[in-house]
Amino acid sequence: MKMPHLSVLTVRFPVSENYHRNGILAVSVMPARLDEEITNRAREIASKIIEKLDYVGVLCTELFVLSDGRLVVNELAPRPHNSGHATIDACICSQYEQQVRALCGLALGDWQALPAAEREKRRAQATLELYRLGAHSVIDHPGELPACLDDLAIRRSKGEKP
């Protein structure tokens, strides 16, 4: 299986697991479903970068996960990042609100995930949108799809409703 890219948003948000189509982010899974040791190392790398840069605001550190488990920094995005859009629905305070708070010198908001019931409601809405678009139309390799989305795409291809 092709290894995903990882994104670490300002260290406190959950690490996201990213899959691309034609070089453009197609699917992010937050939190990443990878080994905790890998996501912890990704956070450590991002934390060191933020500290060395004395950075204020949302910084997305995008990393490649190599087949041997090594992590290589691919991109630094000094702004809210598309791999963190899930924070809008999944977290009490999104990456956008955190950016405004940081740049205005305000206290940062709550980074925690929303209660499970609220996340599930928002996830169901997103899944229905993905169903409408067709899950396989947004990703290069179907085997990369999270199992729930792959199942959804198979049901859709058979004409079944979600």
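The coordinates are above.
Here's a quick rundown of the structure. It should be emphasised that the depicted structure is a prediction, and the values quoted were computed from it without experimental measurement.

## Remarks on the pattern of salt bridges
Alright, step 1. Scanning the model with the defined rule gives five salt bridges in all.
Alright, step 2. Put simply, Glu37 and Arg41 hold a salt bridge, and the shortest N to O gap is 2.6 Å. Separated by four residues within a single helix, Glu37 and Arg41 lie in helix α1 (residues 36-53), roughly one turn from each other.
Alright, step 3. The class of Arg41 is partly exposed, set by a relative accessible area of 25%.
Alright, step 4. The partner of Glu97 in a salt bridge is Arg101, and the shortest N-O contact between them spans 2.9 Å. Linking Glu97 with Arg101, this pair stays in helix α3 (residues 95-103), spanning four residues, or about one helical turn.
Alright, step 5. Relative accessible area serves as the criterion here: at 24%, Arg101 is assigned to the partly exposed category.

## A look at the packing of aromatic side chains
The description of two aromatic rings rests on the distance between their centres and on the angle between their planes.
Alright, step 1. Within this structure, the stated rule accounts for one aromatic pair.
Alright, step 2. Ring geometry for Phe13 and Trp111: centres 4.7 Å apart, planes at 70°, overall edge-to-face. A residue pair is termed long-range when its members are at least 10 positions apart, and Phe13 in the loop between β1 (5-9) and β2 (16-21) and Trp111 in the loop between α3 and α4 (116-133) qualify at 98 residues. The pair formed by Phe13 and Trp111 is uniform in burial state, with each residue classed as buried.

Calculation rules
Residues numbered from 1 in each chain as written. Predicted model: local features only at pLDDT ≥ 70, side-chain atom pairs only at ≥ 80, totals over all residues. Heavy atoms only, no water. Salt bridge = Lys/Arg side-chain N within 4 Å of Asp/Glu carboxyl O. Helix = DSSP H or I, 4+ residues; strand = E, 2+ residues; numbered from the N terminus. Buried < 20%, exposed > 50% of the residue type's maximum accessible area, 1.4 Å probe, protein only. Phe/Tyr/Trp six-rings, centres within 6.5 Å; stacked < 30°, edge-to-face > 60°.

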